[in-house]
Amino acid sequence: MGNRVPREDYEWVYTDQPHADRRKDILAKYPEIKTLMGPDPRLKWIVCMMVLIQFLAFYLVKDLDWKWVLFWTYAFGSCINHSMTLAIHEISHNTAFGNSRAMWNRWFAMFANLPIGLPYSASFKRYHLDHHRYLGGDGVDVDIPTEFEGWFFCTRFRKFVWIILQPLFYAIRPLCINPKPITRLEVANVAVQLSFNVALYWLFGAKPVVYMMAGSLLGMGLHPISGHFIAEHYMFLKGHETYSYYGSLNLLTFNVGYHNEHHDFPSIPGRRLPLVKKIASEYYDDLPQYTSWVKVLYDFIMDDRLSPYSRVKRRLKGDVKLE
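Residues numbered from 1 in each chain as written. Predicted model: local features only at pLDDT ≥ 70, side-chain atom pairs only at ≥ 80, totals over all residues. Heavy atoms only, no water.

### Quick look at the UniProt feature "transmembrane region" (unreviewed entry) in the protein
Right, so step 1: Residues annotated by UniProt as "transmembrane region" (unreviewed entry) correspond here to residues 43-61, 68-87 and 107-124.
Right, so step 2: Secondary structure content for residues 68-87 is 100% helix and 0% strand, while the C-alpha to C-alpha distance between its ends is 27 Å.
Right, so step 3: Within residues 107-124, the helical portion is 61% and the strand portion 0%, while the C-alpha atoms at the span's ends are 13 Å from each other. (UniProt positions renumbered as here; feature names shortened; annotations may be inferred. Helix = DSSP H or I, 4+ residues; strand = E, 2+ residues; numbered from the N terminus.)

### Examining the nonpolar core
Right, so step 1: In this structure, Val-47, Met-84, Ile-91, Trp-162, Ile-230 and Phe-300 are the most contacted members of the largest nonpolar core, which totals 38 residues.
Right, so step 2: Among the secondary structure elements, those contributing two or more residues to this core are helix H2 (43-61), helix H3 (66-92), helix H4 (102-113), helix H7 (156-164), helix H11 (227-233) and helix H15 (293-302).
Right, so step 3: Ignoring anything within four residues of it in the chain, the contact list for Val-47 reads Met-84, Ala-87, Ile-91, Phe-108 and Ala-112.
Right, so step 4: Counting residues in hydrophobic clusters, the runner-up holds 13 residues, among them Ile-26, Leu-27, Leu-273 and Val-276. (Core = buried A, V, L, I, M, F, W, Y, C linked by side-chain atoms within 4.5 Å. Buried < 20%, exposed > 50% of the residue type's maximum accessible area, 1.4 Å probe, protein only. Contact = heavy atoms within 4.5 Å.)

### Concerning the side chain of His-228
Right, so step 1: Structurally, His-228 can be placed in helix H11.
Right, so step 2: For His-228, a relative accessible area of 4% corresponds to the buried category.
Right, so step 3: Setting aside residues no more than four positions away along its own chain, His-228 makes contact with His-82, Leu-86, Val-256 and Trp-293.

### What to know about the pattern of salt bridges
Right, so step 1: Counted according to the given criterion, the structure contains 16 salt bridges.
Right, so step 2: For Glu-282, the salt bridge goes to Lys-29, with nearest N and O atoms at 2.8 Å. Separated by 253 residues along the polypeptide, Glu-282 in helix H14 (residues 281-284) and Lys-29 in helix H1 (residues 19-29) bring together distant segments of the chain.
Right, so step 3: Look at the salt bridges and you will find they share partners, linking Arg-7, Glu-11 and Lys-238 into a network. (Salt bridge = Lys/Arg side-chain N within 4 Å of Asp/Glu carboxyl O.)

### A look at the packing of H3 against helix H5 (residues 121-133)
Right, so step 1: One way to put it is that H3 packs onto H5 with a least axis distance of 10 Å and a crossing angle of 60°. The angle between H3 and H5 falls in the class oblique. When you trace H3 past H5, the crossing you get is right-handed. Together, Ile-88, His-89 and Ser-92 of H3 and Ser-121, Phe-124, Lys-125, His-128 and Leu-129 of H5 make up the contact between the two elements.
Right, so step 2: A per-class count over the contact of H3 with H5 returns three nonpolar, four polar and one charged. (Axes fitted to C-alpha atoms, helices over the stretch in contact; angles between N-to-C directions. Parallel < 35°, antiparallel > 145°, perpendicular 65-115°, else oblique. Left-handed = near helix turned anticlockwise from the far one by under 90°. Nonpolar A, V, L, I, M, F, W, Y, C, P; charged D, E, K, R; others polar.)

### With respect to the state of the cysteines
Right, so step 1: Summed over all chains, the structure comprises zero disulfides.
Right, so step 2: No disulfide involves Cys-176; its sulfur sits 19 Å from that of Cys-154, the nearest cysteine.
Right, so step 3: Residue Cys-176 is classed as exposed on the basis of its relative accessible area of 57%. (Disulfide = S-S within 2.5 Å.)

Below, the structure written as structure tokens:
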């Protein structure tokens, strides 16, 4: 099903990532952007509301026929749970309570993790900050697919399967690329999540647990929102390693689509990233951008030039300070 992708390696570059220099230039010209940094007071209330919505959904699905459980899992639960993973992404930048209350953010991320079912918030924080600091860094940035992924998922059908299996690869990639010692927060994250999962099963039975777990796996696999995994950093155009998306799904994803803006200013909450683009529009308007994550997924599968190897990668120099 489709020709084999001719690319047999990553796009190796010998330059630094572009975001630090652009951030410096923008701040020199528009110092008022610094006022956008800091926590978003609305974020914690939005997250609490979303968690409560999923708790209500757990109660409502417990008496449904299995066919309706599966329907609502994909139609609703997958959207909410993928959105919750992006809430955790926001919280990982301390945008819920600020840098002065870093541990509040860590525990709040575990709370946001509850309806997802898979304990990952503590580990995500550690690896995600490395992704920002060392974008494309060989052996450090676990957002980069492994050699096996690039070699094996090289036809249209295999790329389709790879997208379905995205949750699996995001889970095992850190263990292959950049394994780290387990921390107490990660142990606490697992303990809290497993306790919640057991309590949910004990209270309401298997259907809410299936709704929760399957919703997370489906939402991060073949799903319109999961287009952001491909859209953010896969090299659709040579020489460009980060892309922004300005479509309506930003409303459900804490503006993660404003990805150039986010990497330029990771301490600015997602709600304020459109202001960054508005203030410094000349820095972003001419960059490659998307308006449809569904089209991104389609193009990635159907374009025989694209594969998991379509990523910019660089060998790091000097001291590498990991989280």
